[in-house]
Amino acid sequence: MGERVALITGSGGEMGHGVLPRLRDQGFRIVALDLYDLPETLGRYCVETVRGDIRDEGLMGDLVQRFAPDCVYHLAAMLSAHSEADPFMAHQVNVDATCSLLRQCEESARQKGRPVRFLFPSSIAVYGLPDAATKVEAGAVEESDWNHPRGMYGCNKLYIELFGTFLGRRAGKAGEPGVDFRSIRFPGLISAETLPTGGTTDYAPEMIHAAAQGKPYSCFIDEHSRLPFMTMPDAVQALLDLAEAPPESLSTRVYNIRGFSPSPAEIRKRVLTHFPDAQIGFDPVPSRQAIVDSWPADVDDSRARSDWGLSPEHDLAAAIDDYLVPALRKRYDGD
Ligand code: NAD
Ligand code: AKB
């Protein structure tokens, strides 16, 4: 068997920075697409880099036909804050373009006679709790709980979870090769390499990066509001582990995962142990707080642990002490 081919959309984003080198290490030939030119540091892992829009059906169809990918990591998306600001555009990017890519992958699978593994990063945004009190009471939610998203981004992600799962099940029933759909509901992700844009959980990485640069930071979320988080290396490992899991080990096609579940005050406290002069204040923005109040304080990840061995390395202390602070000191101070 020759080298496997992976098509990665949104390859220049935060997750792409972690996924590309790891897939190349696994021997994949990588075809990468993003709205923006890929930095050379990532381009060198690829056999082809394309600057383009996933909404361009002709372009995407041509890539799928030419490269017949064995797997697709569909990372391109508009994240929550941007999606709430422009829900029609969010629907085009997060739903219409994704459905079209799923159809093209299904056609390719049938032509080649082998399934296309489709990795879809979903989000804790698919949950919709009615208010902050219910959120505290609910604690760690299971995959099937509270699937009533209040924001457009969550609606988009939930629909694709359902549609992708449907396509996979339909192919299985027909005994035909199709889309082998697999999805993770990621919590907020924190990377030392990149800073996020357009998300709701951005306050955590922004706070830590600001402290490392000696810049003051005002958190747009109440200091006691809890959300699940994870480091980017743990998130990338989880995605690669799910991608390689044998189909018979999967009891569902959509998995919760998490690393730790801190409040902003707890993140601040840990950051201050390394940067005691950091100026971190709180000035909650009601529209953003409303989104956080509707997302769960924590998620139950037991299915991912038992089905494919989820085992994140970092809790909050390890994330900050062992991963973020050393990398950020190097990045900002050249230590
Ligand atoms: P990101 O915003 O850093 O990266 C997304 C990339 O997609 C960007 O490089 C962007 O240029 C590209 N993109 C956006 N619209 C596009 C379009 N129309 N055509 C082509 N490319 C387009 O986000 P990320 O953190 O790398 O997220 C990757 C995936 O993980 C997304 O689907 C996101 O919803 C999901 N996710 C991320 C987080 C997180 O905290 N980062 C949490 C949960 C889920
Ligand atoms: C966002 O806040 O939009 C993302 C996510 C949790 O999906 N970080």
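These figures come from a predicted structure and were not determined experimentally.

Visitor: Quick one: what's the story with the pattern of salt bridges, residue by residue and with numbers?
Guide: Applying the stated rule across the entire model yields 20 salt bridges. Notably, a salt bridge pairs R66 with E48, separated by 3.1 Å at the nearest N-O pair. With R66 in helix α3 (residues 57-67) and E48 in strand β3 (residues 46-51), the pair connects residues that are 18 residues apart, well separated along the chain. Residue E176 pairs with R110 through a salt bridge whose shortest N-O separation is 3.3 Å. Within this pair, whereas E176 is found in the loop between α7 (152-174) and β7 (179-186), its partner R110 is found in helix α5 (residues 87-112), the two being separated by 66 residues in sequence. Among the charged side chains, a salt-bridge network with shared partners connects E106, R110, R170 and E176.

Visitor: Go over the site of ligand 2, please, and point to the residues and values.
Guide: The environment of ligand 2 is formed by L79, S80, S123, I124, Y153, G199, T200, T201 and W295. Within the side chain of S80, one N or O atom sits 2.5 Å away from an oxygen atom of ligand 2. Computed on the free molecule, ligand 2 has an accessible area of 260 Å², of which 93% lies beneath the protein chains in the complex. Across the shell around ligand 2, the residue classes tally to 4 nonpolar, 5 polar and no charged. Mapping the shell around ligand 2 onto the domain boundaries places at least three of its residues in each of domain 1 (5-189 + 229-256) and domain 2 (192-228 + 261-298 + 315-328).

Visitor: Break down the packing of aromatic side chains for me, citing the residues and quoting the values.
Guide: Inspection of every chain in the model, using the stated rule, returns 7 aromatic pairs. Each ring, one from Y203 and one from F229, has its centre 5.8 Å from the other, and the planes form 85°; the classification is edge-to-face. Of this pair, Y203 sits in helix α8 (residues 203-212) while F229 sits in strand β10 (residues 229-231), and the two are 26 residues apart along the sequence. Each member of the pair, Y203 as well as F229, is classed as buried. Ring geometry for Y255 against W308: centres 5.6 Å apart, planes inclined by 90°, an arrangement best described as edge-to-face. A residue pair is termed long-range when its members are at least 10 positions apart, and Y255 in strand β11 (residues 254-256) and W308 in helix α12 (residues 302-308) qualify at 53 residues. Across this residue pair, the class does not change: Y255 and W308 are buried. Grouping aromatic residues by their ring pairs yields a cluster made of F118, F120 and F181. The ring of F220 has R288 lying over it, and the distance from NZ or CZ to the ring centre is 3.8 Å.

Rules used throughout
- All residue numbers here refer to positions counted from 1 along the written sequence of the relevant chain.
- Chains and ligands are labelled sequentially in the order written, the chains with letters from A and the ligands with numbers from 1.
- Reporting in this predicted model follows two pLDDT cut-offs: at least 70 for local features of residues, and 80 or more for side-chain atom pairs to be given and counted; totals over whole chains, interfaces and linings ignore these cut-offs and use all residues.
- Based on all heavy atoms of the structure, the side-chain values leave hydrogens and waters out of the count.
- Here, a salt bridge means any Lys or Arg side-chain nitrogen found within 4 Å of an Asp or Glu carboxyl oxygen.
- Per the convention used, a helix needs a DSSP run of H or I reaching at least four residues, while a strand needs a run of E reaching at least two, with both numbered from the N terminus.
- Throughout this document, a residue counts as near a molecule or strand when at least one of its heavy atoms sits within 4 Å of that molecule or strand.
- Whenever a nitrogen or oxygen atom comes within 3.5 Å of another N or O atom, the pair is scored as a polar contact, on the condition that within protein one atom can donate a hydrogen and the other can accept it, and that pairs from neighbouring residues in sequence are kept only if both atoms are in side chains.
- Only the protein chains shown count as cover for residues, and the accessible areas themselves come from Shrake-Rupley with a 1.4 Å probe.
- Under this grouping Gly is polar, as are all residues other than the nonpolar Ala, Val, Leu, Ile, Met, Phe, Trp, Tyr, Cys and Pro and the charged Asp, Glu, Lys and Arg.
- An automatic or database domain assignment supplies the start and end points of every domain.
- Only Phe, Tyr and Trp rings take part, Trp by its six-membered ring, and two of them pair if their centres are within 6.5 Å. Stacked means planes under 30 degrees apart, edge-to-face means over 60, and tilted covers everything else.
- Each residue is placed in one exposure class: buried if its accessible area under a 1.4 Å probe, protein chains only, is under 20% of its type's maximum, exposed if it is over 50%, and partly exposed if it falls in between.
- Lysine and arginine charges are scored as sitting over a ring when NZ or CZ, respectively, is within 6 Å of the ring centre and within 35 degrees of the ring normal.

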